[in-house]
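Results of the structural survey
Residue-level listing of the chains:
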Amino acid sequence: MHFAEFGSFMLLFVIGLELEPSRIWRLRRAIVGMGGLQIAVTSGVLAGLAMLFGIEGKQALVLGLILSLSSTAIVLQALTEKDLLPTAAGQSSFAVLLFQDIAVIPMLALFPILAGSPLNNQGNGGQANASLIDPLPGWVQLLVATGAVAAIIIAGRYLTSPILRIVARTGMRELFTAMSLLIVVGITVLMTSVGLSPELGTFLAGVVLANSEYRNELESDIDPFKALLLGLFFMAVGASINFDLILANPLLISGLVLGVMGCKMAVLYGLGKFFHLSVDQRLIFSVGLCQVGEFAFVLFSFSTREGILSRELTDILTVVVAFSMILTPLFMLVTEKLLLPTLRIKKEDDSASDVVPRDNPVIIAGYGHFGNTVGRFLQANHIGTTVLDINSDNVNWLRRLGLDVYYGDACRHELLEIAGAANAKLIVIAISNEKKRLELIETIKKNFPDLHILVRSTNRYDAYDLMNAGMLHIYRETLDTSLRLGVDALTLLGHNPAAASRAAQTFFVHDERTLKRLSAIQNKDEYVNVVRETIVELERVINSGRP
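Summarised in this report is the structure supplied together with it. (Residues numbered from 1 in each chain as written. Predicted model: local features only at pLDDT ≥ 70, side-chain atom pairs only at ≥ 80, totals over all residues. Heavy atoms only, no water.)

1. Overview of the overall build of the chain
- When you go through the chain residue by residue, the secondary structure sums to 23 helices and 6 strands.
- Residues classed as buried in the chain amount to 45% of the 547 residues present.
- The long-range fraction of contacts in the chain, counting pairs at least 24 apart against all pairs at least 6 apart in sequence, stands at 72%.
- Surface exposure of the chain reaches about 27700 Å², of which carbon and sulfur atoms provide 64%. (Helix = DSSP H or I, 4+ residues; strand = E, 2+ residues; numbered from the N terminus. Buried < 20%, exposed > 50% of the residue type's maximum accessible area, 1.4 Å probe, protein only. Contact = heavy atoms within 4.5 Å. Areas by Shrake-Rupley, 256 points an atom, 1.4 Å probe, with all protein chains shown as cover.)

2. Describing helix H23 (residues 524-544)
- The end-to-end C-alpha separation of H23 is 30 Å, in line with the 30 Å expected for 21 residues at 1.5 Å each.
- Listed as buried for H23 are Tyr527, Val530, Thr534, Leu538 and Val541. For H23, the arc enclosing every buried residue in end-on projection is 85 degrees, short of the 170-degree limit, so these residues lie on one face. Exposed residues on H23 whose side chains face more than 90 degrees from its buried face are Asp525, Arg532, Val536 and Asn543.
- Buried residues in H23 make contact with helix H20 (460-468) and helix H22 (497-519). (Expected span 1.5 Å × (residues − 1). Arc of directions from axis to C-beta.)

3. Thoughts on the packing of helix H3 (residues 28-52) against helix H4 (residues 57-67)
- Taken N-terminus to C-terminus, the directions of H3 and H4 make an angle of 135 degrees; their axes are 7 Å apart at the nearest point. The pairing of H3 with H4 is recorded here as oblique in orientation. Of the two elements, H3 crosses H4, and the hand of that crossing is right-handed. In contact with Ile39, Ser43, Leu46, Ala47, Ala50 and Met51 of H3, H4 contributes Gly57, Ala60, Leu61, Gly64, Leu65 and Leu67. (Axes fitted to C-alpha atoms, helices over the stretch in contact; angles between N-to-C directions. Parallel < 35°, antiparallel > 145°, perpendicular 65-115°, else oblique. Left-handed = near helix turned anticlockwise from the far one by under 90°.)

4. A closer look at the pattern of salt bridges
- Enumeration over the complete set of coordinates arrives at 3 salt bridges.
- Its salt-bridge partner being glutamate 439, residue lysine 436 comes within 3.8 Å of it at the nearest N-O pair. Of this pair, lysine 436 and glutamate 439 both sit in helix H19 (residues 434-447), 3 residues apart, which is roughly one turn of the helix.
- Judged by its relative accessible area of 39%, glutamate 439 is partly exposed.
- We note a salt bridge from arginine 476 to aspartate 511, for which the minimum N-O separation is 2.6 Å. Of this pair, arginine 476 sits in strand E6 (residues 473-476) while aspartate 511 is found in helix H22, placing the two residues 35 residues apart along the sequence. (Salt bridge = Lys/Arg side-chain N within 4 Å of Asp/Glu carboxyl O.)

5. Some thoughts on the packing of H4 against helix H6 (residues 88-114)
- For the pair H4 and H6, the least separation of the axes is 11 Å and the interaxial angle reads 165 degrees. It follows from the interaxial angle that H4 and H6 lie roughly antiparallel. Between H4 and H6 lies a crossing whose hand is left-handed. Judged by residue contacts, Lys58, Leu61, Val62, Leu65 and Ile66 of H4 engage Met107, Leu110, Phe111 and Leu114 from H6.

6. A closer look at the pairing of strand E5 (residues 452-457)
- Pairing of strand E4 (residues 426-429) with E5, which is carried by 4 bridges, proceeds in the parallel orientation. Bridging across to E5, valine 428 finds its partner in leucine 454.
- With H19 bridging E4 and its parallel neighbour E5, the resulting β-α-β unit is right-handed.
- Inspection of the sheet shows E5 paired to E6 by 4 bridges, in the parallel sense. Paired with arginine 456 across the bridge in E6 is tyrosine 475.
- Following the backbone out of E5, through H20 and into the adjacent parallel E6, one traces a crossover that is right-handed. (Pairing = 2+ DSSP bridges. Right-handed = clockwise from strand over helix to strand, strands pointing away.)

7. Structural notes on the sheet that holds E5
- Taken in spatial order, the 6 strands line up as E3-E2-E1-E4-E5-E6 in an open sheet, and their pairing is parallel. Every other strand in the sheet has two partners, leaving strand E3 (405-407) and E6 as the edge strands with one partner each. Taken over all neighbouring pairs, the strand axes of this sheet differ in orientation by 20 degrees on average, direction set aside.
- Sitting on the sheet, helix H16 (residues 369-380) is in contact with strand E1 (362-365), strand E2 (385-389), E4 and E5, with an inclination near 160 degrees to E1.

8. Some points on the layout of surface pockets
- In this structure, the largest pocket encloses a volume near 1400 Å³.
- In terms of lining, the largest pocket is formed by 47 residues, of which the most central are Lys82, Asp83, Leu84, Thr87 and Ile390.
- Residue assignment for the lining of the largest pocket shows that the elements contributing at least two residues are helix H13 (279-288), helix H15 (311-354), H16, E2, helix H17 (392-400) and H19.
- In terms of residues, the lining of the largest pocket owes the most to one element, H15, which gives 9 residues. (1 Å grid on protein atoms, 1.4 Å probe; cavity = no way out; pocket = protein on both sides within 12 Å on 5 of 7 lines; lining within 4 Å. Points joined across faces, edges and corners; volume = space filled by probe spheres on them.)

Right under this line is the structure:
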């Protein structure tokens, strides 16, 4: 467990590296507003309930703060997999999780004070930790600890970057990795020696180095060790779970798990309503963050070591945290499959009743950055459009701007019918999700075979799937921009602008033609050979000046 705790130190160092002060300042309102309220309200509610069950005030406060945290790893992974991160619920979850990660550091500083040991001198059961300054008077200890923190800030700001620059010039990756580890381990040893929390020191060092040009290199070098040691930490926590305790108190454990998750869900749902999230976004937000996060294990270990919480209490709560993390994906699945479809159908029916019958020639499915650009261009040319979007908050915002945008899943043929697909001339599919694009294509081909389809493509591999689905009008969002950049690059290198533009047009025509050929090839070796042939052919065509 002693070695495994280095995983949590490195995790805090990496989190500090990612928290650029300028980035935090830009997101300050969402982070401090929603994140701060979530910590304050949730910890207050849980601490109050703990006191009702006879737990002493300081311990109840510590429990409330720890249990208010959520799992960054679980939530962000789930939101990314379900393509929910760009939604209002996803962005709100990100802001709350970021504030929680930052809030861990004040908690590490606060807990020893609550235990009556401001400099971390009291161990579990009153035993002294190994600290070089234990024999010194209290004011000297405070002075030494403050000096150590100041030394980390000064060294990180003025010394670390020049030293890393010297190490980088050697060109030895192993030496840079060793230096990265030395920074983390050295700070950990220093903080322990002066009686402060090593977690606090490593986080502070990460924040100081967040604006360094070597930030990404440090993060990439530390990451494998962080993952290994953090995995070891979680294994150690799992191995320390008292299964006899679960068998002896199944009702108590079950009640605590459901009680904690239910309280957090209710608070989060209320916060979502306070910050004007729609009902479906509130559900995603509250269910996604209702578990207790991985930092609880770190804080339980820390609190036990400081003598704040008893071993018996942390044993029970460790089980509660583990089960809350296990149940979260199940709760999210139930929400996604059972609750959200009901709410969405209701909202779609409500939206349909507000639609003024029109015979717009164009339907746009998806009104993000891509669809918005297409829509504004068509509107500027006096082309009527009917827009469908699945993001309810985006719909509400666009309606306030005076645009004809309606909430709904465009893959539902009855919604397309209401939107006028039977009389429209064409539909622009600008949905970001690749699977939903293919699903919508099948719906249109089945129910509206005369409707012309113009479809967005993320890249050439996505375009292969669309071609195999029978699409003729495919628009790769990266192609035109990439070619425009290439023309500018040739011009800056001294080429004739007109010749560069013609070369780009030749490239475009050739790439579109070979794309159809490549989409039909399934064998990997054959694909590689054909790509090599097309590269040679493209160079010959451009050099000869023929399309």
